[in-house]
Amino acid sequence: MTGHVTTVDGRVAGRRGQATRQKLLDCLGKMLSTSPYRDVKVIDVARKAGTSPATFYQYFPDVEAAVLELAEVTLRESAALSELVAGRSWTGKAGRQTAEELVDGVLAFWRRHDAILRVVDLAASEGDRRFVRIRTRIQGAVVKPLAETIDGLQARGRGGGKDISSAALAGSLVTMLAAVSAQPKSLQSLGARQTDLKPALTTLVHLGVTGRKPAA
């Protein structure tokens, strides 16, 4: 990895420098899971990483820049989500399995990256185009192949709703999954048990994609 990371002033970071930079990012990621984004300060991240603010500033001009780096890493990891849809069957029991694995995969990804995705959503909702781009591309990793799948099914007269936009339908389904993953406690307080969510979401996704309930 040496030579792939540079400091703020353009110098190439050595192995130790890369390790320090990564430790700062890891500590920031942990802090975002317990503290509001706006409350996280450089001195707090540096202290948690066992280093100094001066060292932090060698790699990032501010906390926001480090948050963007975490968001970019999450974006790169999201590319694998397309494998949950591309080339998968939506027929019979295989279709149920596809819907289940799509639900499991999206929920697991959003929960694993919950802290940084909450920050991405917040900044995007405030109009920050950098975060809007990241959020769009993360969602697109699932929305695009899912919309293509819906298009293919509709062309064969098998999809759910011939007059419904495949992009709108796929986007709505992915947004639904992301929202559910972000609100488990709220849903529980409303009577939706965690054990009931997966089958409910599987049914909704399968219905949305194929127009039919999943096979028993």
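Check the entry above for the structure.
Computed from a prediction, not measured in an experiment: that's the story for all the values here. (Residues numbered from 1 in each chain as written. Predicted model: local features only at pLDDT ≥ 70, side-chain atom pairs only at ≥ 80, totals over all residues. Heavy atoms only, no water.)

### Here we look at the overall build of the protein
- A count of helical and extended segments in the protein gives 10 helices and zero strands.
- Along the protein, helices (α) and strands (β) appear in the sequence α-α-α-α-α-α-α-α-α-α when read from the amino end.
- Burial status across the protein gives 41% buried among its 216 residues.
- Taken as two groups, the 31 positive and 21 negative side-chain charges of the protein have centres that lie 4 Å from each other. (Helix = DSSP H or I, 4+ residues; strand = E, 2+ residues; numbered from the N terminus. Buried < 20%, exposed > 50% of the residue type's maximum accessible area, 1.4 Å probe, protein only. Lys, Arg positive; Asp, Glu negative; His and termini not counted. Charge placed at Lys NZ, Arg CZ, Asp CG, Glu CD.)

### Points about the environment of Arg137
- Mapped onto the elements, Arg137 comes out in helix H7 (residues 129-155).
- The sequence separation of Arg137 and Ser78 amounts to 59 residues, and the corresponding C-alpha distance is 8.5 Å.
- Discounting residues that sit within four places of it in the chain, Arg137 has contacts with Leu75 and Ser78. (Contact = heavy atoms within 4.5 Å.)

### Considerations on the packing of helix H6 (residues 114-125) against H7
- Between H6 and H7, the shortest axis-to-axis distance is 8 Å and the interhelical angle comes to 125 degrees. In terms of axis orientation, H6 runs oblique to H7. Classified by chirality, the crossing of H7 by H6 is left-handed. In contact with Leu117, Val120, Asp121, Ala123, Ala124 and Ser125 of H6, H7 contributes Phe131, Val132, Ile134, Arg135 and Ile138.
- Per-class residue counts for the contact of H6 with H7 are eight nonpolar, one polar and two charged. (Axes fitted to C-alpha atoms, helices over the stretch in contact; angles between N-to-C directions. Parallel < 35°, antiparallel > 145°, perpendicular 65-115°, else oblique. Left-handed = near helix turned anticlockwise from the far one by under 90°. Nonpolar A, V, L, I, M, F, W, Y, C, P; charged D, E, K, R; others polar.)

### Digging into the packing of aromatic side chains
- In this structure the tally under the stated criterion is three aromatic pairs.
- Residues Phe56 and Tyr57 carry aromatic rings whose centres are separated by 5.8 Å and whose planes lie at 90 degrees to one another, so their mutual orientation is edge-to-face.
- According to the relative accessible area criterion, Tyr57 is partly exposed, its value standing at 42%.
- Aromatic pair Phe109 and Trp110: ring centres 5.5 Å apart, planes at 70 degrees, arrangement edge-to-face. (Phe/Tyr/Trp six-rings, centres within 6.5 Å; stacked < 30°, edge-to-face > 60°.)

### Re the pattern of salt bridges
- Going through the model one piece at a time under the given rule, you end up with 12 salt bridges.
- A salt bridge links Arg47 to Asp44; the shortest N-O distance between them is 3.4 Å. In this pair, Arg47 and Asp44 both sit in helix H2 (residues 42-48), three residues apart, roughly one turn of the helix.
- We classify Asp44 as partly exposed; its relative accessible area is 28%.
- For the salt bridge of Glu100 with Arg96, the shortest nitrogen-to-oxygen distance reads 3.4 Å. You can see Glu100 and its partner Arg96 sitting in helix H5 (residues 92-112), four residues apart, about one turn around the helix.
- Several salt bridges converge on common partners, so that one network encompasses Arg21, Glu69 and Arg76. (Salt bridge = Lys/Arg side-chain N within 4 Å of Asp/Glu carboxyl O.)

### Remarks on the nonpolar core
- Counting 60 residues, the largest nonpolar core has Leu28, Leu32, Val67, Leu102, Ile116 and Leu146 as its most contacted members.
- Among the elements that line this core, the one with the most residues is H7, at 10 residues.
- The contacts of Leu28, once residues within four sequence positions are left out, are Val40, Val45, Val63, Ala66, Val67 and Leu70. (Core = buried A, V, L, I, M, F, W, Y, C linked by side-chain atoms within 4.5 Å.)

### Some words on H5
- Its 21 residues place the ends of H5 30 Å apart at the C-alpha level, agreeing with the 30 Å of an ideal helix rising 1.5 Å per residue.
- Within H5, burial applies to Gly95, Thr98, Ala99, Leu102, Val103, Gly105, Val106, Leu107, Phe109 and Trp110.
- In this structure, the buried residues of H5 make contact with helix H4 (63-78), H6, H7, helix H8 (166-182) and helix H10 (194-210). (Expected span 1.5 Å × (residues − 1).)

### Overview of the environment of Val180
- Residue position: Val180 is located in helix H8.
- What makes Val180 buried here is its relative accessible area of 12%.
- Distance in space between the C-alpha atoms of Val180 and Glu69 is 26 Å, their sequence separation being 111 residues.

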